[in-house]
Amino acid sequence: MLTILDKYILKRYLGTFTVMLLMFIPIGIVIDVSEKVNRMIENKVPFASIARYYLDFTIYFANLLFPIFLFLSVIWFTSKLANNTEIIAILSSGISFTRFLRPYIIGATIVSVFALIMSVFLVPSASAGFKNFRYTYLIGGGQSEMRDNTDVFRQISKDEYIFVSNFNEISKMAFNFSMEKFDKDKLQYKLIASRIKWNEKEKNYTLYNYTKRKVGAFGDIIESGETKDTVFNFDLEDLTPVVYIAETLPLNELHKFIDKEKLRGSSNINVYLVVLYKKYSIPISAFILTIIAVSVSSMKRRGGMGSNLAIGIILAFAFVFLDKVFGVLAEKSTAPPLLAVWTPNIVFGILAIYLLRNAKR
């Protein structure tokens, strides 16, 4: 059962974390609005779409910076307990440091479960809405920001390849479509179109301004036209940008998608695996960061809360930096994605054990 002390610390833990979210998310929204308000006005974006975008932005932003918010909130309220000599009084009463940590671990469990639920159920749809809004309305700079994720080159079978750019999830349309079929190293035909659109009712595709060149032994056969309805042996999701689709799929669909891409021998499989593994690694980081924050801020220092916060900010951004570096390393190199994604947790886990041992002394 929770004692009065446990409830007191747990209340401060969850309360400070919630306040930290409520403080920084509006700041993020204000900065985003200031950057994009001109483009929204130029494109006459409906208010309902803007409201939905910032609801998705809130979930996306909170999930992205979750480790920093948690770490700084624990540093903040634990430093206040230390400065008010409350921790000294607690430990002097005969309570061990390990026992003192119990409400923190309970709080970390609650936060990590919440983060996992968000990552599995809320973040995929929020990520889809967040990115769809940018594709649809934020032309120019907005498209440039997403350029790395908009072009898709994919092998759909042993001898067939497709390419598209600027896929739009809402209109189910992609631009600059190209499809090539080979027989070993010899090109059999190439099909290009300025646009390709998925028709939900008919379950087929429409090509716009298309040209098909069939390579023959005695001359090429060329077919062209303004529009053509046809059926292909690839799915709509095959036209979706690499990271875009990985971030927007629910957990069960993401597992199925990864299995299918493995069978295809996709060269981008590491990108999908990074997204999958991060769904589990980020919630676990709640425990590691909580232990580090308590160990660093539980002692009363000359600099007071300021020095604790400075240390906390440095460590928090070091964690995020490692997370980003090893995530990119897994996506762009041959490094094992599982090891790369979990490396920040391993490094900071070792640091947490070291700091905890010193704090107990």
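Residues numbered from 1 in each chain as written. Predicted model: local features only at pLDDT ≥ 70, side-chain atom pairs only at ≥ 80, totals over all residues. Heavy atoms only, no water.

### So, the pairing of strand 1 (residues 152-155)
For step 1, the next point in the chain: Side-chain alternation along strand 1 places V152 and R154 on a buried face and F153 and Q155 on a face that remains uncovered.
For step 2, the next point in the chain: The sheet contact formed by strand 1 and strand 2 (residues 160-168) spans four bridges and is antiparallel. In the sheet register, F153 faces strand 2, and the bridge partner there is F163.
For step 3, the next point in the chain: In this structure, the hairpin formed by strand 1 and strand 2 is closed by a connection of four residues. (Buried < 20%, exposed > 50% of the residue type's maximum accessible area, 1.4 Å probe, protein only. Helix = DSSP H or I, 4+ residues; strand = E, 2+ residues; numbered from the N terminus. Pairing = 2+ DSSP bridges.)

### Structural notes on the sheet that holds strand 5 (residues 204-214)
For step 1, the next point in the chain: With antiparallel pairing, six strands are arranged side by side in an open sheet as 1-2-3-4-5-6. If you trace the sheet from one side to the other, it starts and ends with strand 1 and strand 6 (221-230), each paired once. For this sheet, the mean inter-axis angle between neighbouring strands, taken without regard to orientation, is 15°.
For step 2, the next point in the chain: Bridge analysis of strand 2 against strand 3 (residues 173-183) gives six bridges, and the strand direction is antiparallel. Bridged to N168 within strand 3 is M173. (Axes fitted to C-alpha atoms, helices over the stretch in contact; angles between N-to-C directions.)

### A word on unusual backbone geometry
For step 1, the next point in the chain: For K184, which is not glycine, the phi torsion reads 60° and is therefore positive.
For step 2, the next point in the chain: Its place among the elements puts K184 in the loop between strand 3 and strand 4 (186-199).
For step 3, the next point in the chain: Even without glycine at this site, N209 takes up a positive phi of about 50°.
For step 4, the next point in the chain: Within the secondary structure, N209 sits in strand 5.

### Quick word on the packing of helix 5 (residues 97-137) against helix 10 (residues 269-297)
For step 1, the next point in the chain: Relative to each other, helix 5 and helix 10 sit at 155°, their axes nearing to 8 Å. On the basis of their axis angle, the class for helix 5 and helix 10 is roughly antiparallel. Of the two elements, helix 5 crosses helix 10, and the hand of that crossing is right-handed. Taken together, the residues of helix 10 that come into contact with helix 5 (itself represented by F97, F100, L101, Y104, I105, A108, T109, S112, A115, L116, S119 and P124) are K279, Y280, P283, A286, F287, T290, I291 and V294.
For step 2, the next point in the chain: Each residue belonging to the contact of helix 5 with helix 10 can be placed in one class, and the counts come to 15 nonpolar, four polar and one charged. (Parallel < 35°, antiparallel > 145°, perpendicular 65-115°, else oblique. Left-handed = near helix turned anticlockwise from the far one by under 90°. Contact = heavy atoms within 4.5 Å. Nonpolar A, V, L, I, M, F, W, Y, C, P; charged D, E, K, R; others polar.)

### Side note on the environment of K131
For step 1, the next point in the chain: By the secondary structure assignment, K131 is in helix 5.
For step 2, the next point in the chain: On the accessibility criterion, K131 (5% relative accessible area) is buried.
For step 3, the next point in the chain: K131 sits 22 residues away from F153 along the chain, and the two C-alpha atoms are 20 Å apart.

### Some points on the pattern of salt bridges
For step 1, the next point in the chain: All told, the structure shown has 12 salt bridges when counted by the stated rule.
For step 2, the next point in the chain: D220 is paired through a salt bridge with R213; the nearest N and O atoms lie 3.2 Å apart.
For step 3, the next point in the chain: The class of D220 is partly exposed, set by a relative accessible area of 39%.
For step 4, the next point in the chain: Residues joined in a network through salt bridges with shared partners are D6, R99 and R102. (Salt bridge = Lys/Arg side-chain N within 4 Å of Asp/Glu carboxyl O.)

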